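Spelled out from the first residue to the last, the chains are:
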Amino acid sequence: MTALDRDVPLARLTTIGTGGPARALARPQSLPELVAALRLAREEALGVFVVGLGSNVLASDEGLDALVVRLEGELASVSVAEDVLEAGGGATNAVCLHRARGAGLGGFEFACAIPGTAGGGAFMNAGAYGSDWSEVLVRALVVTADGEEWRSPEALGLEYRHSALASGEVVARVEYRLVPRSPDEIKATVADLVARRKDTQPTNKRTFGSVFKNPPGDVGAGQILELCGLKGHGIGGAMISPKHANFIENAGGATTEDCLALMTEARRRAREEFGVELQREVVFAGIPELPALT
Ligand SMILES: Cc1cc2nc3c(=O)[nH]c(=O)nc-3n(C[C@H](O)[C@H](O)[C@H](O)COP(=O)(O)OP(=O)(O)OC[C@H]3O[C@@H](n4cnc5c(N)ncnc54)[C@H](O)[C@@H]3O)c2cc1C
């Protein structure tokens, strides 16, 4: 097994750039190394937290008393066979999309502005522009300290920004079924989607993506928070994005505590002014749930 790194700040492993030290960080390069890391965590009675690009994670300022696992090497590799793209759980969406385009395979363009990995996408059932992981995923290889099994999207329990994957279950590989499409057509679609993103979302700031899930109905979480007058509202170094109110930006020196204070205030205002109880989309690591709305 590769050596463990100790006390690596989670601020370095998350896109928002906050979070204290992880007790240990394993960076397995292969399936046997992954299983060895998971077995070690079990022997030491340590929880396991997998991190992809940390693009939807908010981690405690106090750090995380767990083994953090980041998949690398073979576990982040990508290959294409006919209309199936196979990717390691740690493969980035950007690399998958690049390989798909090179092979003349479309269907993954929706992920062009989702800055995560194959495993993170499966865990979150990430999606955009009317599509999500459940639309392209054929199966995922789920690994634990006890063994491995391939699961279908149904067995993964994929719903809106949710899967039924349990803590300590690691998506080590995925297979996507794509459709023949010309590289030029893919390139044009991606350019259009990226331009739309840049117009509406803070793509060049440190954020963790959408803070809250969109509630049922036609009005999104961002619109509700904008109508509450929260755009540009700041606490400490964290600020509700002036561009899109469902994003929190690290405006400089933000802590996780600052982000949590903003989330708590945003939920309170949405409830008071619109009677809506917003549910978080961002994953908490080492943080208790937000205070209940009274
Ligand atoms: C600018 C920006 C834009 C975004 N836009 C979108 C969007 O349009 N749509 C959308 O859905 N999301 C969006 N996100 C959120 C985020 O990019 C997605 O949720 C992404 O799929 C998370 O992937 P990740 O690899 O970074 O996972 P992480 O953020 O590292 O982890 C997220 C969760 O997945 C788990 N996880 C990660 N890897 C694995 C694995 N291999 N096995 C098991 N569990 C794993 C983690 O433990 C954690 O619970 C955006 C984020 C940012 C910063």
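This text gives an overview of the structure that appears in the document. Computed from a prediction, not measured in an experiment: that's the story for all the values here.

Rules behind the numbers
- Residues numbered from 1 in each chain as written.
- Predicted model: local features only at pLDDT ≥ 70, side-chain atom pairs only at ≥ 80, totals over all residues.
- Heavy atoms only, no water.
- Near = heavy atom within 4 Å.
- Polar contact = N/O pair within 3.5 Å; in protein donor to acceptor, adjacent residues only side chain to side chain.
- Areas by Shrake-Rupley, 256 points an atom, 1.4 Å probe, with all protein chains shown as cover.
- Nonpolar A, V, L, I, M, F, W, Y, C, P; charged D, E, K, R; others polar.
- Core = buried A, V, L, I, M, F, W, Y, C linked by side-chain atoms within 4.5 Å.
- Buried < 20%, exposed > 50% of the residue type's maximum accessible area, 1.4 Å probe, protein only.
- Contact = heavy atoms within 4.5 Å.
- Phe/Tyr/Trp six-rings, centres within 6.5 Å; stacked < 30°, edge-to-face > 60°.
- Helix = DSSP H or I, 4+ residues; strand = E, 2+ residues; numbered from the N terminus.
- Pairing = 2+ DSSP bridges.
- Axes fitted to C-alpha atoms, helices over the stretch in contact; angles between N-to-C directions.
- Salt bridge = Lys/Arg side-chain N within 4 Å of Asp/Glu carboxyl O.

1. Quick look at the site of the ligand
Working step 1: Val50, Ser55, Thr117, Gly127 and Arg197 are the nearest of the 33 residues found near the ligand.
Working step 2: At a separation of 2.7 Å, an oxygen atom of the ligand approaches a polar backbone atom of Asn56.
Working step 3: Measuring from an oxygen atom of the ligand, one finds a side-chain N or O atom of Thr117 at 2.6 Å.
Working step 4: Notes on the ligand: free accessible area 960 Å², of which the protein chains cover 94%.
Working step 5: Tallied by class, the residues present in the shell around the ligand amount to 17 nonpolar, 13 polar and 3 charged.

2. Things to note about the nonpolar core
Working step 1: Phe108, Trp133 and Tyr176 are the most contacted members of the largest nonpolar core, which totals 45 residues.
Working step 2: In this structure, Phe108 is in contact with Asn93, Cys96, Leu97, Trp133, Val136, Tyr176 and Leu178, ignoring residues within four places of it in sequence.
Working step 3: In terms of nonpolar packing, the next biggest core, distinct from the first, is built from 27 residues, Cys228, Ala266, Ala270 and Leu278 among them.

3. Focus: the packing of aromatic side chains
Working step 1: Scanning the model with the defined rule gives 5 aromatic pairs in all.
Working step 2: Here the aromatic rings of Phe108 and Trp133 are separated by 5.4 Å at their centres, their planes lie at 70°, and the arrangement is edge-to-face. Here Phe108, found in the loop between strand 8 (105–106) and helix 3 (118–124), pairs with Trp133, found in helix 4 (residues 133–136); they are 25 residues apart in sequence, far enough to count as distant.
Working step 3: Three or more aromatic residues joined by ring pairs form one cluster here, namely Phe108, Phe110, Trp133 and Tyr176.

4. Things to note about unusual backbone geometry
In most cases, non-glycine residues show a negative phi, while peptide bonds are predominantly trans.
Working step 1: The phi dihedral of Glu82 falls on the positive side, at around 55°, and the residue is not glycine.
Working step 2: Here Glu82 shows up in the loop between strand 6 (78–81) and strand 7 (84–88).
Working step 3: Taking relative accessible area as the criterion, Glu82 reaches 75% and is therefore assigned exposed.
Working step 4: Here Asn125, not a glycine, exhibits a phi torsion of approximately 45°, which is positive.

5. Comments concerning the pairing of strand 13 (residues 170–177)
In the case of a regular strand, side chains alternate between the two sheet surfaces.
Working step 1: Within strand 13, 7 of the 8 residues are buried, which leaves the element mostly enclosed by the surrounding structure.
Working step 2: The pairing of strand 7 with strand 13 spans 5 bridges and is antiparallel. Bridging across to strand 13, Gly88 finds its partner in Arg173.
Working step 3: Bridge count for strand 11 (residues 137–144) against strand 13 is 6 bridges, and the pairing is antiparallel. Residue pairing for strand 13: Val143 is matched across the bridge by Val170.

6. Points about the sheet that holds strand 6
Working step 1: If you trace the 5 strands from one edge of the open sheet to the other, you get 6-7-13-11-12, paired in antiparallel fashion. Of all the strands in the sheet, the pair left with one neighbour each is strand 6 and strand 12 (147–151). Between one strand axis and the next, the sheet turns by 15° as a mean value, whatever way the strands run.
Working step 2: Across 4 bridges, strand 6 lies against strand 7 in antiparallel orientation. Its bridge partner being in strand 7, Val80 is matched across the sheet by Leu85.
Working step 3: This element, helix 1 (residues 31–43), spans strand 11, strand 12 and strand 13 of the sheet and lies at about 50° to strand 11.
Working step 4: Where helix 2 (residues 93–102) meets the sheet, it contacts strand 6, strand 7 and strand 13, and its direction lies at approximately 30° from that of strand 6.

7. Looking at the environment of Arg177
Working step 1: Checked against the element boundaries, Arg177 lands in strand 13.
Working step 2: A residue is classified by how much of its surface remains accessible, and Arg177, at 47% relative accessible area, is partly exposed.
Working step 3: Spatially, the C-alpha atom of Arg177 lies 27 Å from that of Val283, the residues being 106 residues apart in sequence.
Working step 4: The residues touching Arg177, leaving out its near neighbours within four places in the chain, are Asp83, Val84, Val136 and Val138.

8. Looking at the pattern of salt bridges
Working step 1: In this structure the tally under the stated criterion is 19 salt bridges.
Working step 2: Ionic pairing is found between Arg161 and Glu281, a salt bridge with its closest N-O pair at 3.9 Å. In this pair, Arg161 sits in the loop between helix 5 (153–156) and strand 13 while Glu281 sits in the loop between helix 8 (256–274) and strand 18 (283–285), placing the two residues 120 residues apart along the sequence. Taken as a pair, Arg161 and Glu281 share a single burial class, namely buried.
Working step 3: Within the structure, one salt-bridge network assembled from shared partners comprises Asp5, Arg27, Arg70 and Glu72.

Fair warning: the whole summary comes from geometry, so function is off the table for now.
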